[in-house]
Amino acid sequence: ELEHIVIDGGSTDQSISIIKKYDQLCQRGQFPFQCKSFKFIWFSERDEGQSDALNKGFSLSSGDILAWLNSDDIYYSNDSLKIVLEAFLKNEADIVMGNLYVIDEKGRLIDLPLIANGLNNDEFQKILPDIRKIDFIMQPACFFKRRLWETLGISKDCYIMDWVLWIEAYKNHYHFFKINDYIASYRLQDNAKTVFASKDKVSNIKRCEEIIAMYNRYGTWCLNRFYYSFYLLLLRVSRYPFIGSFIDLLIHASRKARNIIALRHKLY
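Structural notes, computed from the coordinates. These numbers were taken from a predicted model, which means no experiment stands behind them. (Residues numbered from 1 in each chain as written. Predicted model: local features only at pLDDT ≥ 70, side-chain atom pairs only at ≥ 80, totals over all residues. Heavy atoms only, no water.)

**Some points on the pattern of salt bridges**
Right, on to step 1. According to the stated counting rule, one finds ten salt bridges in the structure shown.
Right, on to step 2. When the shortest N-O distance is used, the salt bridge between Asp94 and Arg147 registers 2.5 Å. You can see Asp94 sitting in the loop between α3 (80-91) and β5 (95-103) and its partner Arg147 sitting in helix α5 (residues 146-152), a full 53 residues away along the chain.
Right, on to step 3. Using a relative accessible area of 8% as the deciding quantity, one classes Asp94 as buried.
Right, on to step 4. Asp104 is paired through a salt bridge with Arg108; the nearest N and O atoms lie 2.7 Å apart.
Right, on to step 5. A cluster of three or more residues bridged by salt bridges with shared partners is formed by Glu45, Asp52 and Lys56. (Salt bridge = Lys/Arg side-chain N within 4 Å of Asp/Glu carboxyl O. Helix = DSSP H or I, 4+ residues; strand = E, 2+ residues; numbered from the N terminus. Buried < 20%, exposed > 50% of the residue type's maximum accessible area, 1.4 Å probe, protein only.)

See below:
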């Protein structure tokens, strides 16, 4: 029994016409599906950001298993949801996560190291306590029980609302389960929020401030906390004339060094 809910924030491109096309197909019974039932719900209106849209969408849902896909991400295959459902039924899990592909704008694979990719559940449980230090939960490939959202909700953070959700779930002893199947693909493209934030200094500063505030909130001390504090300082200084170009080079070098330390050597 599948519910597909589309929450649009008042798009001015072709999004509404595409949504209406599929809405009409569903109403006419011309949209083929192989599940027991299929419900398509959508609306478009101005909202207060992604977290607000997610909470609206989940409040419209009635299913026991929830997940979200951003507009440029996709599920890997027609069997993805079936695999996830079976994992929930067999393991009494509150959260099920699979592996994730990274693709470009044309759907071509990008070879990026992802901490949790390829791990079985036993291996994943060993690194799970580090979720307070670094976000390795791959959101497009992650599904959770409705009761988790009803209890925790989605925070109002702009860039790290999913990370906060995983930390809260871990703190509240919800049961994570990792499957070693590829479930979704994350599209790395210039207009994606996290990619844009890494290139736009104002957005990047806001993202760093959110991360540091989160570390403060949970009392987390780690190398990443010092890295983001240093990174935030560089971003602020880089806005000054004359030294901006030099600071930008320093930022690039520090990001590269951090990725080597964090991803290759598991120091975060």
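Now that the structure has been shown, the text picks up again.
**Focus on a nonpolar patch on the surface**
Right, on to step 1. Judged by side-chain polarity, Phe230, Leu233, Phe246 and Leu250 come together as a nonpolar surface patch covering roughly 390 Å² of accessible area.
Right, on to step 2. Of all elements in the fold, only α9 (223-237) and α10 (244-264) reach the threshold of two or more residues within the nonpolar patch.
Right, on to step 3. Along the chain, the position of Leu250 falls in helix α10.
Right, on to step 4. According to the relative accessible area criterion, Leu250 is partly exposed, its value standing at 33%. (Patch = residues over 30% accessible without salt bridge, like charges linked within 9 Å, V, L, I, M, F, W, Y side chains within 5 Å. Areas by Shrake-Rupley, 256 points an atom, 1.4 Å probe, with all protein chains shown as cover.)

**Observations concerning unusual backbone geometry**
Right, on to step 1. Located in the positive-phi region is Glu92, a residue other than glycine, with phi close to 50 degrees.
Right, on to step 2. As for its position among the elements, Glu92 is in the loop between α3 and β5.
Right, on to step 3. Phi is positive for His173, close to 65 degrees, though the residue is something other than glycine.
Right, on to step 4. Along the polypeptide, His173 turns up in the loop between α6 (161-171) and β7 (176-187).

**Digging into the packing of aromatic side chains**
Right, on to step 1. All chains considered together, the criterion is met by 17 aromatic pairs.
Right, on to step 2. On the numbers, 5.9 Å between centres and 85 degrees between planes, the contact of Tyr22 with Phe31 is edge-to-face.
Right, on to step 3. A residue is classified by how much of its surface remains accessible, and Tyr22, at 33% relative accessible area, is partly exposed.
Right, on to step 4. Judged by relative accessible area, which is 27%, Phe31 ranks as partly exposed.
Right, on to step 5. Judged by centre distance (5.6 Å) and plane angle (25 degrees), the rings of Phe31 and Phe38 are stacked.
Right, on to step 6. Members of the aromatic cluster, each reached through a chain of ring pairs, are Phe58, Trp68, Phe144, Trp149 and Trp166.
Right, on to step 7. Of note, Arg225 hangs over the ring of Trp221, and the distance from its end group to the ring centre comes to 3.7 Å. (Phe/Tyr/Trp six-rings, centres within 6.5 Å; stacked < 30°, edge-to-face > 60°. Lys NZ or Arg CZ within 6 Å of the ring centre and 35° of its normal.)

**So, the environment of Cys208**
Right, on to step 1. Within the secondary structure layout, Cys208 lies in helix α8 (residues 201-218).
Right, on to step 2. By relative accessible area, which is 0% here, Cys208 ends up buried.
Right, on to step 3. Here the alpha-carbon distance between Cys208 and Ser229, two residues 21 residues apart in the chain, equals 7.7 Å.
Right, on to step 4. In this structure Cys208 touches Tyr228, Tyr231, Leu232 and Leu235, once residues within four positions along its chain are discounted. (Contact = heavy atoms within 4.5 Å.)

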